[in-house]
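Structural overview for review
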Amino acid sequence: MNISTGLAEAHAPADRLEVHETYAGVPFVRAPEPAFEGLPDYPWAPRYVEIDGLRMHYVEAGPSDGPVALLMHGMPTWSYLNRHLVAALAAAGYRCVAPDHIGFGRSDKVILDSWYSIARHVRAMAQLVAELDLRDITLFCQDWGGPIGLAQAAEFPERFARLVVMNTWLHHDAFDYTPAVRRWNAGWHPGGFYAGNVPERLTIGWLMMAATGRTTREALAAMAGGQPAPALSPSDDAVRRAYDAPFEGLGHAGHAGARRFPLSIPFDNPEGGAAADQARHFETLLGWTRPIHFIWGAEDEVFPEAWGRAWAGRYPHATFDLLPDAGHFLQDTHGARIAELVLKHARA
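Let us look at the structure shown here. (Residues numbered from 1 in each chain as written. Predicted model: local features only at pLDDT ≥ 70, side-chain atom pairs only at ≥ 80, totals over all residues. Heavy atoms only, no water.)

With respect to the overall build of the protein chain
The helix and strand tally for the protein chain stands at 13 helices and 11 strands. Radius of gyration (C-alpha) of the protein chain: 19 Å, near the 20 Å computed for a compact globule of 348 residues. For the protein chain, the spread of C-alpha atoms along the three principal axes comes to 55 × 45 × 40 Å. When contacts within the protein chain are restricted to residue pairs at least 6 apart in sequence, those whose partners lie at least 24 apart make up 74%. Element-wise, carbon and sulfur atoms account for 51% of the exposed surface of the protein chain, whose accessible area totals about 13,700 Å². For the protein chain, the distance from the average position of its 29 positive side-chain charges to the average position of its 40 negative side-chain charges is 2 Å. (Helix = DSSP H or I, 4+ residues; strand = E, 2+ residues; numbered from the N terminus. Rg over C-alpha atoms; globule rule 2.2 N^0.38 Å. Contact = heavy atoms within 4.5 Å. Areas by Shrake-Rupley, 256 points an atom, 1.4 Å probe, with all protein chains shown as cover. Lys, Arg positive; Asp, Glu negative; His and termini not counted. Charge placed at Lys NZ, Arg CZ, Asp CG, Glu CD.)

What follows is the structure, given as structure tokens:
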């Protein structure tokens, strides 16, 4: 693949980015290392596995011989989302592994929008699990971490001991996509709010500030209209910087992976969203007989409480814990509480 062709697709001039190329000719970029210095509550050194010539980043914490906690992230986050969970679980004796999907975090970012698919993310995660030979896994999954992580449990059940399912889904014919999901998808199509403003006027960090209640949607709209960014407390601004760190200096091209997640939702893009595979995994996992815990943020418009309860109700042995004041990104705001609940269930 010609690098200049890839950059043209990504709408980024070559002189603004340090573009690398895999042995398969796939162009990608990396965020500068200084962007990740001094992030709050994220002290872990980077680790990498190679996936088809790309570096896939993960953090590891806790005793190497402990039961494994595999912590997945979705859109538009990275392993930083799970920082409080990692700290609490590692202190409790778990070997925590928190990867970044290709296109996110400290992982390499392919700059071709068309390169990304959910099937490709699933294969990459399977390679990481195999490379690290993870077993006795407790899976923590939320948002796109659900379809990608639960695919691993469906395909390789011998490696998994327990599932923790948080504000996510698996596509199947009976699933009812909420208006919030449809608005999110529409916003990333040409002419949509996010497609027209990210990253030029709105960064991923600012999207996360609104999504976690640190600022408002109205503030985002004002910023998109040219108004200055609202003031944040020093601690909130440090978190904003952490969510922005993976994309620092990468421009439109470096956000290709982030753009493709919302445009891969199966009602809009069945092939890119691996709709058939998701439905198969949903059916397969209905036969799951090992522990499964649903922990749900009640204030989430994307995956509401009713869906979480209905899904949990398919498992006679499931537990369901509602966090009344948590939203979609409950690991960010309630990580320690999630760890407390899972540890309690594991001891029961």
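Some thoughts on the packing of aromatic side chains
Under the definition given, this model contains 24 aromatic pairs. Between phenylalanine 175 and phenylalanine 303 the ring centres are 6.5 Å apart and the planes differ by 55°, which places this aromatic pair in the tilted class. Taken together, the residues phenylalanine 175 in the loop between β9 (160–166) and α5 (179–187) and phenylalanine 303 in the loop between β10 (292–297) and α12 (305–312) connect sequence positions 128 residues apart. Residues phenylalanine 175 and phenylalanine 303 agree in their burial class; the two are buried. Of note, arginine 55 hangs over the ring of tyrosine 48, and the distance from its end group to the ring centre comes to 3.9 Å. Stacked on the ring of tryptophan 288, the Lys or Arg arginine 290 has its end atom at 5.4 Å from the ring centre. (Phe/Tyr/Trp six-rings, centres within 6.5 Å; stacked < 30°, edge-to-face > 60°. Buried < 20%, exposed > 50% of the residue type's maximum accessible area, 1.4 Å probe, protein only. Lys NZ or Arg CZ within 6 Å of the ring centre and 35° of its normal.)

Quick notes on the side chain of histidine 172
Summarising the element assignment, histidine 172 is placed in the loop between β9 and α5. On the basis of relative accessibility, which here comes to 10%, the residue histidine 172 falls in the buried class. Looking at histidine 172, its side chain comes within polar contact range of the main-chain oxygen of leucine 170, at 2.8 Å. When neighbours within four sequence positions are excluded, histidine 172 is seen to be in contact with Ala279, Phe282 and Trp307. (Polar contact = N/O pair within 3.5 Å; in protein donor to acceptor, adjacent residues only side chain to side chain.)

Here's the deal with the nonpolar core
Within the largest apolar cluster, 117 residues are counted, with the highest numbers of intra-cluster contacts made by Leu89, Phe140 and Trp311. Contacts of leucine 89, omitting those with residues within four sequence positions, involve Ala69, Leu71, Tyr94, Cys96, Phe140, Ala339 and Leu343. (Core = buried A, V, L, I, M, F, W, Y, C linked by side-chain atoms within 4.5 Å.)

With respect to the pattern of salt bridges
Applying the stated criterion across every chain yields a total of 18 salt bridges. With its nearest N and O atoms 4.0 Å apart, the salt bridge here joins arginine 47 to glutamate 60. Here the residue arginine 47 occupies a position in strand β3 (residues 47–51), and glutamate 60 occupies one in strand β4 (residues 54–61), the gap between them amounting to 13 residues. Judged by its relative accessible area of 39%, arginine 47 falls in the partly exposed class. For arginine 280, the salt bridge goes to glutamate 155, with nearest N and O atoms at 2.8 Å. (Salt bridge = Lys/Arg side-chain N within 4 Å of Asp/Glu carboxyl O.)

Here we look at helix α13 (residues 330–347)
By the largest-angle criterion, alanine 336 marks the main kink of α13, which is about 60°. Those residues of α13 that sit buried are Leu330, Gln331, Asp332, His334, Gly335, Ile338, Ala339, Leu341, Val342, Leu343 and His345. For α13, the secondary structure elements touched by its buried residues are α2 (83–91), β8 (137–142), β9, α9 (234–244), β10 and β11 (319–323). (Bend = angle between axes of the 7 residues up to and from the residue.)

Here we look at the packing of helix α3 (residues 118–131) against helix α4 (residues 145–155)
Between α3 and α4, the shortest axis-to-axis distance is 9 Å and the interhelical angle comes to 50°. With respect to each other, α3 and α4 are oriented oblique. Between α3 and α4 lies a crossing of right-handed hand. Judged by residue contacts, Ile118, His121, Val122, Met125 and Ala126 of α3 engage Pro147, Ile148, Ala151 and Gln152 from α4. For the contact of α3 with α4, a count of residues per class yields 7 nonpolar, 2 polar and no charged. (Axes fitted to C-alpha atoms, helices over the stretch in contact; angles between N-to-C directions. Parallel < 35°, antiparallel > 145°, perpendicular 65-115°, else oblique. Left-handed = near helix turned anticlockwise from the far one by under 90°. Nonpolar A, V, L, I, M, F, W, Y, C, P; charged D, E, K, R; others polar.)

Notes on empty space enclosed by the protein
The full count for this structure, using the stated rule, is 2 cavities of 30 Å³ or more. What the largest cavity holds in volume is close to 50 Å³. Together, Arg30, Ala31, Glu33, Phe36, Tyr48, Arg55, Gly105, Arg106, Ser107, Asp108 and Lys109 line the largest cavity. Here the lining of the largest cavity is composed, by residue class, of 3 nonpolar, 2 polar and 6 charged. For the second largest cavity, the calculated volume is near 30 Å³. Taken together, Leu150, Leu163, Val165, Leu170, Leu285, Ile292, Trp311 and Tyr315 form the lining of the second largest cavity. (1 Å grid on protein atoms, 1.4 Å probe; cavity = no way out; pocket = protein on both sides within 12 Å on 5 of 7 lines; lining within 4 Å. Points joined across faces, edges and corners; volume = space filled by probe spheres on them.)

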